[in-house]
Amino acid sequence: MCIACSSNKLSIYSQIPIEVTAMAIVGLSNAGDRLPPKRAVGDDDEAAAADYRLKGVRHLSDAGITRLPGKYVLPASDRPGRSVSAGTRVKLPVVDLGRLRVPSERAAVLKTLEAACREFGFFQVVNHGVDVDGAAARMLDVAARFFELPFQERARYMSADVRAPVRYGTSFNQANDAVLCWRDFLKLSCAPPLRDVVPSWPDSPADLREVAAEYASANRRVFVEVVEAALEAMGIGGGDGVMEELATAGSHMMTVNCYPACPQPELTLGMPPHSDYGFLTLVLQDDVEGLQVMHGGEWLTVDPVPGSFVVNIGDHFEIYSNGRYKSVLHRVGVNSTRPRISVASFHSVGAERVVGPAAELLDQGRGGEPRRYMDTDFATFLAYLASAEGKHKTFLQSRRLAFADVHF
Ligand SMILES: O=C(O)CCC(=O)C(=O)O
Ligand SMILES: [Fe+2]
């Protein structure tokens, strides 16, 4: 196995362009190639949106626009077509960490977890030990207050430096997106050690650093417990050093997403279809639905369960699991009445690590299976994004071996 376990020098996400943070861009990533000419929708509001690239959607929403500026209108084939609240809803499989900790119940919970990772790529975690009314509630609250700050205050954290431990911005990649997404964000690197990055996080609201640092530590503990269980459920232990790295030195990036109420939600998205790049993503959301998961060829709207984390498999975990676990497409829809806040925490190995299928799965001595993915690392990911290949398929598809049968 080729995941080394030397020190983690740079967070995987601190080196990458804003739009690829934690994402293998798919679907709409090439929307610019097939953009229709500017359309009439929202022309009335074009003036109000003249500085949309700079100021973002919170600014537009606060300005009280009633029609969507053309820059946000997706090509017809990519539009959600209806408000997210009108979509088919799904209650994700529940993984109860409280039961996981009871020896007599562990096997049953692992079975649920394994089935969710294989079939859905998504599940929700309850009884995770993070105080729902404490650390988690405070995180959502301070996140909402950050986006309520005057624009000038938020703008202090805009940065073209993709290595910056804090970045404020809008859309998916505000510099390049031909069609903008209805999202503003604050990205906070939590690369261990956390104490080294916290002093560069926003100092306003005054409690942001303390609250976000407490939440990040708690989130990381949940990640370690879940990823360990997900490996155990697969029948392997990450003994090649991957578990140790994930637990102690892996990359950790937190993105706070703000999706304001949108005047024409059926024409745009808060985030385009994508899969996440790393091992696991843990999402904390308020009680407004927005996340949609591709399942059985249909976009399903995830029912927010108060106090739970939505967890999904990322590309690295699909590769490491040799295709058993699925990194699934998801997107974010918006609605016309209720703003939404989510906090996505992306966890993976360090940027310099090579990720390939776990040696324990391929080991022929143990009746191993054929390798279904090429090894990958961060440089490969960036090269792929810049390549012609990157325009036609997903990053994950680019790592699949042509002859591989990934159907389990
Ligand atoms: O806002 C959400 O619920 C999900 C966000 C997401 O998919 C991401 O940040 O990668
Ligand atoms: Fe995502």
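Residues numbered from 1 in each chain as written. Chains lettered and ligands numbered in written order. Predicted model: local features only at pLDDT ≥ 70, side-chain atom pairs only at ≥ 80, totals over all residues. Heavy atoms only, no water.

Going by what an unreviewed UniProt entry lists, the chain is known as Fe2OG dioxygenase domain-containing protein and is assigned to Triticum aestivum. Listed under Sequence similarities (unreviewed entry) in UniProt, the entry text for the chain is "Belongs to the iron/ascorbate-dependent oxidoreductase family." According to UniProt, the comment filed for the chain under the heading Function (unreviewed entry) is "Involved in the regulation of shoot development and salicylic acid (SA) homeostasis." (UniProt positions renumbered as here; feature names shortened; annotations may be inferred.)

Points about the site of ligand 1
Close contacts around ligand 1 come from 14 residues, with Tyr259, His274, His330, Arg340 and Ser342 the closest. In the model, an oxygen atom of ligand 1 is placed 2.7 Å from a nitrogen or oxygen of the Tyr259 side chain. At 3.3 Å, a side-chain N or O of Asp276 approaches an oxygen atom of ligand 1. Surface burial for ligand 1 is 99%, taken as the share of its 300 Å² of free accessible area covered by protein chains. Under a 2 Å grid-point criterion requiring more than half of the atoms, the pocket assigned to ligand 1 is the largest cavity. Contributing elements (two or more residues each) for the shell around ligand 1: strand E7 (251–259), strand E8 (271–276), strand E13 (330–332) and strand E14 (340–348). Here the residues of the shell around ligand 1 are counted per class, giving eight nonpolar, four polar and two charged. (Near = heavy atom within 4 Å. Polar contact = N/O pair within 3.5 Å; in protein donor to acceptor, adjacent residues only side chain to side chain. Areas by Shrake-Rupley, 256 points an atom, 1.4 Å probe, with all protein chains shown as cover. 1 Å grid on protein atoms, 1.4 Å probe; cavity = no way out; pocket = protein on both sides within 12 Å on 5 of 7 lines; lining within 4 Å. Sits in = over half its atoms within 2 Å of the grid points. Helix = DSSP H or I, 4+ residues; strand = E, 2+ residues; numbered from the N terminus. Nonpolar A, V, L, I, M, F, W, Y, C, P; charged D, E, K, R; others polar.)

Considering the confidence of the model for the chain
Confidence in the prediction for the chain averages 84 pLDDT; 82% of positions are at 70 or higher. Contacts of residues 1–44 to residues separated by more than four positions or lying in other chains number 145 contacts, the stretch itself having pLDDT below 50. This complex was scored by the predictor with a pTM of 0.87 and an ipTM of 0.99. (pLDDT = per-residue confidence, 0-100. Contact = heavy atoms within 4.5 Å.)

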